[in-house]
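Architecture at a glance
This is what each chain is made of:
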Amino acid sequence: MRKAHETVLEIDLNALEHNYRFLKSQLRPETKFLAVVKAFAYGSDAPRIAQKLETLGVDYFAVAYVSEGIALRKAGITLPILVLHPLPVHFESLIDNCLEPSLYSPKVLRDFLEVAQKKNQKNYPVHIKFNTGLNRLGFWENDVDFITETLNEREEIKVVSIFSHLAASEDLKEAPFTYRQIEIFEKIAEEVTEKLKHAPFKHLLNTSGIINYRNAQYDMVRSGIGLYGFGNDRIVDADLRPVVTLKTVISQIHKIEPGETVGYNRAFTSTEYRKTATLPIGHADGIGRQYGKGKTFVHVKGQLALIIGNVCMDMIMIDVTGIDCAAGDEVIIFGENPTAESFAASANTISYELLTGISQRVKRQYMGR
Ligand SMILES: *Cc1c(COP(=O)(O)O)cnc(C)c1O
């Protein structure tokens, strides 16, 4: 690891490779692997991550929005890219960039057909998303006849796959609900396959699904968080390696007298002599205000230092009393230790939110290739 002289997000491509190989090892060899690289590849760097994964042999990519797919095409990604949540206003540029839409409602299907017809498409690849209990996006089971009749009539588009998304794959207390989702999905898939003139492939599992419900891997799985090093579970985490490390550096040390306060709104009052360090990272970089006021630790020279007072836009202050450190020393916000998962948990949130919130102001740096 290189020593940080400013705030950097270090991206370890070897860790990414390790995680990909681990997740693959949990699957049947013939199961296709879709890598989810939405939201800047969970806050890291989608083009670099996707380039690496393409060389490792993933089969598919997914992003949330069309603009994210276009960024991947611009970076030279040639694999198919599924757009999970395309909006009709972007259907033309979706087609122009050879992206594959998830169609999730009768309106979206009709809107897409209209654009595909206008652009003289034939057998344009699309994916049909079914709602089996998450109640977020997706056709309902009773839309099957409408979908299959429409598709059998029209040749502008062709269904490559049908899929659904689990609501609580990481929570084994919800296993009965998950098995119910699996059952509903299988029933829908059977019906669609019977009524269409061809058999689309099927996929359901996200990262925790791969771990907990691998019998439902079907033809492909869709993994995001696992690739970046987290499995929503301590035991699984032990087999994965965090891809990103957020580091920064001490800008200034202060000696605080008893009764003095630190930061905006005087949110921290010192009861004794304390040594504090000011760091060049704040809520504009993705460390939100929920991490302030003595809830969250960072690491300085292998020792724990508490974030004190309010998080500012561009800075945080930490308590380094008793730690032998000076301006210029490196600070680990999260990485191997503390992990993004435990850092996030200290403020009652999850690694997904913390990682995707790391802003574009933070410089990206790479390890491995
Ligand atoms: C984000 C997303 C995934 C990836 O989930 P992870 O828990 O990060 O593996 C898979 N499928 C859909 C539909 C998603 O929106």
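Residues numbered from 1 in each chain as written. Predicted model: local features only at pLDDT ≥ 70, side-chain atom pairs only at ≥ 80, totals over all residues. Heavy atoms only, no water.

1. A short note on the domain arrangement of the protein chain
One can read the domain layout of the protein chain as domain 1 (13-235) and domain 2 (244-367). With centres defined by C-alpha atoms, the gap from domain 1 to domain 2 works out at 37 Å. With 13 residues of domain 1 at the contact, the number on the domain 2 side is 13 residues. Each partner contributes to the roughly 1200 Å² buried at the junction of domain 1 and domain 2, and carbon and sulfur atoms together form 57% of this total. For domain 1, the biggest contributors to the area lost against domain 2 are Tyr42, Gly43 and Phe230; these three give 38% of the whole. Here domain 1 and domain 2 share 0 salt bridges between them. Here domain 1 is connected to domain 2 by 6 residue pairs in polar contact (both at pLDDT 80 or more). (Domains from an automatic or database assignment. Contact = heavy atoms within 4.5 Å. Buried area = accessible area lost by both parts, 1.4 Å probe. Salt bridge = Lys/Arg side-chain N within 4 Å of Asp/Glu carboxyl O. Polar contact = N/O pair within 3.5 Å; in protein donor to acceptor, adjacent residues only side chain to side chain.)

2. Details of helix α7 (residues 144-153)
Structural remark: α-helix, 3.6 residues per turn; residues separated by three or four positions point the same way. Every buried residue of α7 is listed here: Val144, Ile147, Thr148, Thr150 and Leu151. Angularly, the buried residues of α7 cover 165 degrees about the axis, an arc narrow enough to put them on a single face. Opposite the packed face of α7, turned more than 90 degrees from it, sit the exposed residues Glu149 and Glu153. In this structure, the buried side of α7 is in contact with α6 (106-118), β6 (124-129), β7 (157-163) and α8 (175-195). (Buried < 20%, exposed > 50% of the residue type's maximum accessible area, 1.4 Å probe, protein only. Helix = DSSP H or I, 4+ residues; strand = E, 2+ residues; numbered from the N terminus. Arc of directions from axis to C-beta.)

3. Focus on the sheet that holds strand β16 (residues 303-308)
If you trace the 9 strands from one edge of the open sheet to the other, you get β11-β14-β17-β16-β15-β18-β10-β1-β19, paired in mixed fashion. The open sheet terminates on both sides in strands that have one partner only, identified here as β11 (252-256) and β19 (363-367). For this sheet, the mean angle separating the axes of adjacent strands, direction not counted, is 35 degrees. Where strand β1 (residues 8-12) and strand β10 (residues 244-249) come together, 4 bridges link them in antiparallel fashion. Looking at the pairing, Leu9 lines up with Leu246 of β10. Relative to β1, helix α1 (residues 13-25) is tilted by about 45 degrees, and along the sheet it contacts β1 and β19. (Pairing = 2+ DSSP bridges. Axes fitted to C-alpha atoms, helices over the stretch in contact; angles between N-to-C directions.)

4. Describing the layout of surface pockets
Reported here for the largest pocket is a volume of approximately 1200 Å³. Looking at the largest pocket, it is lined by 45 residues, and the ones nearest its centre are Tyr42, Ile225, Asn232, Ile350 and Tyr352. Going through the elements one at a time, α2 (38-43), β9 (220-223), α10 (234-237), α11 (340-345) and α12 (351-356) are the ones with two or more residues in the lining of the largest pocket. For the lining of the largest pocket, a count of residues per class yields 20 nonpolar, 14 polar and 11 charged. (1 Å grid on protein atoms, 1.4 Å probe; cavity = no way out; pocket = protein on both sides within 12 Å on 5 of 7 lines; lining within 4 Å. Points joined across faces, edges and corners; volume = space filled by probe spheres on them. Nonpolar A, V, L, I, M, F, W, Y, C, P; charged D, E, K, R; others polar.)

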